[in-house]
Amino acid sequence: MANDFGYLEKTLAVFRRIEEEQQENIEKAASWMADAIAADKLIHVYGGGGHTTLVMGEMFFRAGGLANINPIMETGLSVFNQALKYLELERCVNYGKHIVRYYRLQKDDLLIIFHNIGINAATIDAALEAKEQGVKIVAVSSSYWQREMPSDHFIRHPSGLNLFDLADICIDDYNPVGDCAVTIPGLETPIAPNSNLVDFYIAHRLEIEAVRQCVERGLEPPVWRSANAPGGDAWNARYVEKYSSRVKSL
């Protein structure tokens, strides 16, 4: 068997830690997701820059996922922009504010923010704008980055705030500073990030728990089926009809 230098076990260890230490936060966040479904409201999802924007794609229009997910998509912050450009934009003050403002979130709406660093301008400004609108915020981020990065580091928001300072519910993904899990003997630079695997896991755990709570309440959660499986398009048609005028990315 090939040597993965502990990558599998290190990643599984983070999954287990989340189950042991973040279960209460996941259940509370999922209850807000179930509340949104019960009230026929959208669940808004935002990624604060770079690879954390991929979690929105994992949650949106996904077989087995919730149909009322509204991804706050901004190509400029994503890996589908040129790399050096999105790196600059995620550090740009007020950029995240105007992205969130465009989606016109309302008081008591639910916004899930993913950003494992949790200190950059595009993340903090998005959270500040949401707070100003009275939006409930669930943050998935790393306490390590927020705690260990120097207070005067140039990528920090000018306010010095961390994402967890602004969130109503904080879910720790335990991503280490540097975002890599493996060191190869003879190479100084660590490799093999696993933060996206962990954040995808948290995203699906939130959906699993939200669906469970909906069923427990006697609600039918709006769940997509695979569009590529027999009958998928027919099943999904009612959700397309229901949400296409409300979810900008549909």
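Preceding this paragraph is the structure being described.
Residues numbered from 1 in each chain as written. Predicted model: local features only at pLDDT ≥ 70, side-chain atom pairs only at ≥ 80, totals over all residues. Heavy atoms only, no water.

A. Spotlight on the overall build of the protein. Counting its secondary structure elements, the protein contains 10 helices and 5 strands. The C-alpha radius of gyration of the protein comes to 18 Å, within 12% of the 18 Å expected for a compact globule of 250 residues. Taken along its principal axes, the extent of the C-alpha atoms in the protein is 55 × 50 × 35 Å. Within the protein, contacts between residues at least 6 apart in sequence are counted, and of these 79% link residues at least 24 apart. One way to put it: in the protein the 24 positive side-chain charges average out to a point 5 Å from where the 33 negative ones average out. (Helix = DSSP H or I, 4+ residues; strand = E, 2+ residues; numbered from the N terminus. Rg over C-alpha atoms; globule rule 2.2 N^0.38 Å. Contact = heavy atoms within 4.5 Å. Lys, Arg positive; Asp, Glu negative; His and termini not counted. Charge placed at Lys NZ, Arg CZ, Asp CG, Glu CD.)

B. Representation of the side chain of Asp125 in the model. Along the polypeptide, Asp125 turns up in helix 6 (residues 121-132). Within the buried set, Asp125 has no salt-bridge partner at all; the shortest N-O distance to an opposite charge, 7.2 Å, is to Lys97. Filtering out sequence-adjacent residues up to four positions away, Asp125 remains in contact with Cys92, Val93, Asn94, Tyr95, Gly96, Lys97 and His157. (Buried < 20%, exposed > 50% of the residue type's maximum accessible area, 1.4 Å probe, protein only. Salt bridge = Lys/Arg side-chain N within 4 Å of Asp/Glu carboxyl O.)

C. How the structure looks around helix 10 (residues 232-243). The terminal C-alpha atoms of helix 10 lie 17 Å apart, and with 12 residues this matches the ideal 16 Å at 1.5 Å per residue to within 8%. Residues of helix 10 that are buried include every one of Gly232, Asn236, Tyr239 and Tyr243, and no others. Buried positions in helix 10, seen along its axis, are confined to an arc of 55° and lie on one side of it. Among the exposed residues of helix 10, those oriented more than 90 degrees off its buried face are Ala234 and Glu241. (Expected span 1.5 Å × (residues − 1). Arc of directions from axis to C-beta.)

D. Structural detail: the pairing of strand 4 (residues 136-141). Of all 6 residues in strand 4, 5 are buried, a share of seventy percent or more. Relative to strand 4, strand 3 (residues 110-114) runs parallel, the two sharing 5 bridges. Following the sheet pairing, Leu111 is matched in strand 4 by Ile137. You can see the chain leave strand 3, run along helix 6 and come back into strand 4, and the turn it takes is right-handed. (Pairing = 2+ DSSP bridges. Right-handed = clockwise from strand over helix to strand, strands pointing away.)

E. Fine view of the environment of Glu88. The topology assignment puts Glu88 in helix 4 (residues 83-89). Accessibility expressed as a relative area gives 54% for Glu88, which makes it exposed. Sequence separation of Glu88 and Leu77 is 11 residues, and the distance between their C-alpha atoms is 8.9 Å.

F. The arrangement of the layout of surface pockets in detail. There is about 410 Å³ of room inside the largest pocket. When contributions to the lining of the largest pocket are tallied by element, the ones reaching two or more residues are helix 4 and helix 9 (195-217). Partitioned by chemical class, the residues of the lining of the largest pocket number 7 nonpolar, 9 polar and 3 charged. (1 Å grid on protein atoms, 1.4 Å probe; cavity = no way out; pocket = protein on both sides within 12 Å on 5 of 7 lines; lining within 4 Å. Points joined across faces, edges and corners; volume = space filled by probe spheres on them. Nonpolar A, V, L, I, M, F, W, Y, C, P; charged D, E, K, R; others polar.)

G. Local environment of the pairing of strand 1 (residues 43-47). Along strand 1, 5 of the 5 residues are buried, which leaves the element largely enclosed by surrounding structure. Burial along strand 1 is two-sided: Ile43, Val45 and Gly47 facing one way and His44 and Tyr46 facing the other are all buried. Direction of pairing for strand 1 relative to strand 2 (residues 69-71): parallel, over a ladder of 3 bridges. The residue of strand 2 that forms the bridge with Val45 is Pro71. Chirality of the crossover, the property in question, places the unit of strand 1, helix 3 (residues 54-59) and strand 2 among those that are right-handed. One ladder, built from 5 bridges, connects strand 1 with strand 3; its direction is parallel. Among the inter-strand pairings, His44 is bridged to a residue of strand 3, identified as Leu111.

H. How the structure looks around the sheet that holds strand 1. Read across the open sheet, the 5 strands follow the order 2-1-3-4-5; overall the sheet is parallel. If you trace the sheet from one side to the other, it starts and ends with strand 2 and strand 5 (169-172), each paired once. When the angles between neighbouring strand axes are averaged without regard to direction, this sheet yields 20°. Sheet analysis places strand 4 next to strand 5, joined by 4 bridges and oriented parallel. When the sheet's bridge partners are listed, Ser141 is paired in strand 5 with Asp172. (Axes fitted to C-alpha atoms, helices over the stretch in contact; angles between N-to-C directions.)

I. Highlighting a nonpolar patch on the surface. Taken together, the side chains of Phe61, Val240 and Leu250 make up a nonpolar region of the molecular surface, amounting to roughly 230 Å² of accessible area. Here Val240 lies in helix 10. (Patch = residues over 30% accessible without salt bridge, like charges linked within 9 Å, V, L, I, M, F, W, Y side chains within 5 Å. Areas by Shrake-Rupley, 256 points an atom, 1.4 Å probe, with all protein chains shown as cover.)

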